[in-house]
Amino acid sequence: MGEKYHNDTSSALDGYVGNKLNCTSCHANGGVNSSLDLVGVAKTYPQYNSRAGTDVTLEDRINGCFVRSMNGKPLPKDGPEMKAMVAYYTYISQNVPDGTKERPWATLKKVQGDLTTVNAEAGRELYNKACITCHGEGGDGGALGIPLWGDNSYNIGAGMARVRTAAGFIQAYMPKSPMGGYEAGSFTDEEALNIAAYINKLKQRPDFAKKAYDWPKGDAPDDAAYETLAGKKQPQ
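What you see is a predicted model, and the numbers here were worked out from it, not measured in a lab.

## A few points about the pattern of salt bridges
Two side chains bearing opposite charge may form a pair once their charged atoms approach each other closely.
Thought 1: For the coordinates displayed, the defined rule picks out 9 salt bridges.
Thought 2: Across the pair aspartate 8 and lysine 4 runs a salt bridge, and its minimum N-O distance is 3.5 Å.
Thought 3: For arginine 162, the salt bridge goes to aspartate 223, with nearest N and O atoms at 2.9 Å. Residue arginine 162 is located in the loop between helix 6 (132-135) and helix 7 (163-173), and its partner aspartate 223 is located in the segment after helix 8 (189-201); the two are separated by 61 residues in the primary sequence.
Thought 4: We classify aspartate 223 as buried; its relative accessible area is 4%.

Below, the structure written as structure tokens:
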């Protein structure tokens, strides 16, 4: 069942998902050999998470996605749904050595560049050329069924709401097939940042009620989408 929960999250676990996204929306192909590969993830937890300001378990990380990326509510940690998901990620991680801390095959580059010069309007033009067919004009998800803004997309507390993170994903994996003269890996840093800014800065998405408590040690990255109680964002 864990694989089904990963691939069909919004329907199989609809009581816990508040939008139309699934785990596979970011971690495609069951999280194996595709975007944001999850192979080995079960071997790297518990690990420190700066956004939480403490060590987190794999269960904590999964629930982080449920309340942020899927704008829903957490799974019961001892419930059958959580156990099934952990079992699946453990299964796809079985050939990775115990004690592994880093997964270089799954590292997403966060795009560098001066955020003060990012041009969201230029990003709109690029979106209309290379993204709109699959994701839709109104953020409804288009042909792929993956909404990038609006009530059915990720909330402001999600990692993908960060411009550098979203730009890294766009640059590495988008578009899925050649479109508008672009293919995966062909966007420049500037272009990827502009598209990410269009999606995350010009478009509306659900709020995250506990966002002010993120990065409690005052080490929020410079592209965090909101201010926190811990103070000024730090340069990335």
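## Comments concerning the packing of helix 5 (residues 120-130) against helix 8
In a pair of packed helices, the angle between the axes and the distance between the axes together describe the arrangement.
Thought 1: At a minimum axis distance of 7 Å, the contact between helix 5 and helix 8 shows a crossing angle of 95°. Looking at the two axes, helix 5 sits roughly perpendicular to helix 8. Contacts between helix 5 and helix 8 involve Ala120, Ala122, Gly123, Arg124, Leu126 and Tyr127 from the first element and Glu191, Asn194, Ile195, Ala197, Tyr198 and Ile199 from the second.
Thought 2: Classifying every residue of the contact of helix 5 with helix 8 gives 8 nonpolar, 2 polar and 2 charged.

## Considerations on the packing of aromatic side chains
Thought 1: For the coordinates displayed, the defined rule picks out 7 aromatic pairs.
Thought 2: Between tryptophan 149 and tyrosine 198 the ring centres are 5.7 Å apart and the planes differ by 75°, which places this aromatic pair in the edge-to-face class. Highlighted residues: tryptophan 149 in the loop between helix 6 and helix 7 and tyrosine 198 in helix 8, separated in sequence by 49 residues. For the residue pair tryptophan 149 and tyrosine 198, the accessibility class agrees, reading buried in each case.
Thought 3: The interplanar angle of 25° and the centroid separation of 4.5 Å between the aromatic rings of tyrosine 182 and phenylalanine 187 together place this pair among those described as stacked. With respect to class, tyrosine 182 is no different from phenylalanine 187; both count as buried.
Thought 4: Through a chain of ring-to-ring contacts, three or more aromatic side chains come together here, namely Tyr127, Trp149 and Tyr198.
Thought 5: Above the plane of the ring of tyrosine 16 lies lysine 73, whose end atom (NZ or CZ) is 5.7 Å from the centre.

Conventions used here
- Residues numbered from 1 in each chain as written.
- Predicted model: local features only at pLDDT ≥ 70, side-chain atom pairs only at ≥ 80, totals over all residues.
- Heavy atoms only, no water.
- Salt bridge = Lys/Arg side-chain N within 4 Å of Asp/Glu carboxyl O.
- Helix = DSSP H or I, 4+ residues; strand = E, 2+ residues; numbered from the N terminus.
- Buried < 20%, exposed > 50% of the residue type's maximum accessible area, 1.4 Å probe, protein only.
- Axes fitted to C-alpha atoms, helices over the stretch in contact; angles between N-to-C directions.
- Parallel < 35°, antiparallel > 145°, perpendicular 65-115°, else oblique.
- Contact = heavy atoms within 4.5 Å.
- Nonpolar A, V, L, I, M, F, W, Y, C, P; charged D, E, K, R; others polar.
- Phe/Tyr/Trp six-rings, centres within 6.5 Å; stacked < 30°, edge-to-face > 60°.
- Lys NZ or Arg CZ within 6 Å of the ring centre and 35° of its normal.

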